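Listed below, chain by chain, are the residues.
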Amino acid sequence: MAFAAHSTSVIKSLIDESLSKSGGCQTWPELCKSIMAQEAGCWEMHDILSCVPVEYLSSADHFVRLPPTTIDALATWNGWAHVAEEVLRQQPGGALPICRLQDAMVARYQSLVGLSVADVALLGACALANLPSSYLSRKDKFVRWRRPRARTCTVFGTPRTNQCSISCRCRKRRLG
């Protein structure tokens with residue numbers, strides 16, 4: 001098949017998809033096989049090579065890699081904790097099994113960012129890596145949303161101090 005200019009973007013997206021499915025790194029032959037298998041041999045190896053961005057290639061080894069910024073952007077996105085809270089707050093009791101939470105966080109990320117990343121496993125790993133540790137349980141498989149502690153007294157509505165608790169000052173004021 002003759003190589004057309006518009007095919008460059010198609011091959012580039014197939015390269016990105018194949019690399020993200022494999023965790024961001026593949027050998028050159030693996031990458032070619034993957035792309036040729038997806039497109040039933042529509043392109044020659046030199047067509048694929050001509051579409052690989054230079055920043056994906058390494059002079060140190062034979063691997064083709066996604067640039068670090070793509071993976072780092074997912075891993076360091078500062079919205080993961082907010083997405084987890086949002087998903088958990090919608091659940092009865094504020095809890096979900098970790099696998100269902102991961103799926104919900106990935107779906108929410110894709111809807112927020114408007115991006116359909118091919119590697120859902122990579123997105124899921126990034127989501128779980130950024131869960132606040134206070135949400136996790138050592139006793140079961142559930143992730144629970146922890147409500148922040150009240151900064152005001154629930155009885156009098158006054159600001160709490162470090163020593164204040166309902167069992168001490170507030171109770172004494174109410175009884176006295």
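Cut-off values and rules
Residues numbered from 1 in each chain as written. Predicted model: local features only at pLDDT ≥ 70, side-chain atom pairs only at ≥ 80, totals over all residues. Heavy atoms only, no water. pLDDT = per-residue confidence, 0-100. Helix = DSSP H or I, 4+ residues; strand = E, 2+ residues; numbered from the N terminus. Axes fitted to C-alpha atoms, helices over the stretch in contact; angles between N-to-C directions. Parallel < 35°, antiparallel > 145°, perpendicular 65-115°, else oblique. Left-handed = near helix turned anticlockwise from the far one by under 90°. Contact = heavy atoms within 4.5 Å. Nonpolar A, V, L, I, M, F, W, Y, C, P; charged D, E, K, R; others polar. Expected span 1.5 Å × (residues − 1). Buried < 20%, exposed > 50% of the residue type's maximum accessible area, 1.4 Å probe, protein only. Arc of directions from axis to C-beta. Salt bridge = Lys/Arg side-chain N within 4 Å of Asp/Glu carboxyl O.

**A few points about the confidence of the model for the chain**
- Confidence in the prediction for the chain averages 76 pLDDT; 71% of positions are at 70 or higher.
- Across the chain, the element-wise mean pLDDT spans from 50 in helix 8 (residues 166-175) up to 92 in strand 3 (residues 95-97).

**Looking at the packing of helix 1 (residues 7-21) against helix 2 (residues 28-38)**
- With their axes 10 Å apart at the nearest point, helix 1 and helix 2 run at an angle of 120° to one another. The angle between the axes of helix 1 and helix 2 places the two elements in the oblique class. Judged by the sense of rotation from one axis to the other, the crossing of helix 1 with helix 2 is right-handed. Judged by residue contacts, Leu 14, Ile 15, Glu 17, Ser 18, Leu 19 and Lys 21 of helix 1 engage Leu 31, Ser 34, Ile 35 and Gln 38 from helix 2.
- Residues of the contact of helix 1 with helix 2, tallied by class, amount to five nonpolar, three polar and two charged.

**Quick word on helix 1**
- Compared with the 21 Å implied by 1.5 Å per residue over 15 residues, the 21 Å span of helix 1 between its first and last C-alpha is a close match.
- Of the residues making up helix 1, those classed as buried are Ser 7, Ile 11, Leu 14, Ile 15, Ser 18, Leu 19 and Ser 20.
- Contacts from the buried residues of helix 1 go to strand 1 (25-27), helix 2, helix 3 (45-51) and strand 2 (63-65).
- Directly after helix 1, the chain includes Gly 23, whose backbone phi takes a positive value near 90°.

**Points about helix 5 (residues 80-89)**
- Listed as buried for helix 5 are Trp 80, Val 83, Ala 84, Val 87 and Leu 88. Taken down its axis, helix 5 places every buried residue within 125° of arc, on the same side. Exposed and oriented more than 90 degrees from the buried face of helix 5 are His 82 and Arg 89.

**Concerning the pattern of salt bridges**
- One pass over the structure, following the stated rule, counts five salt bridges.
- Between Arg 89 and Glu 85 there is a salt bridge, with its nearest N and O atoms 3.3 Å apart. Highlighted residues: Arg 89 and Glu 85, both in helix 5, separated by four residues, approximately one helical turn.
- The exposure class of Glu 85 is partly exposed, given its relative accessible area of 25%.
- With a closest N to O distance of 2.8 Å, Asp 140 and Arg 144 form a salt bridge.

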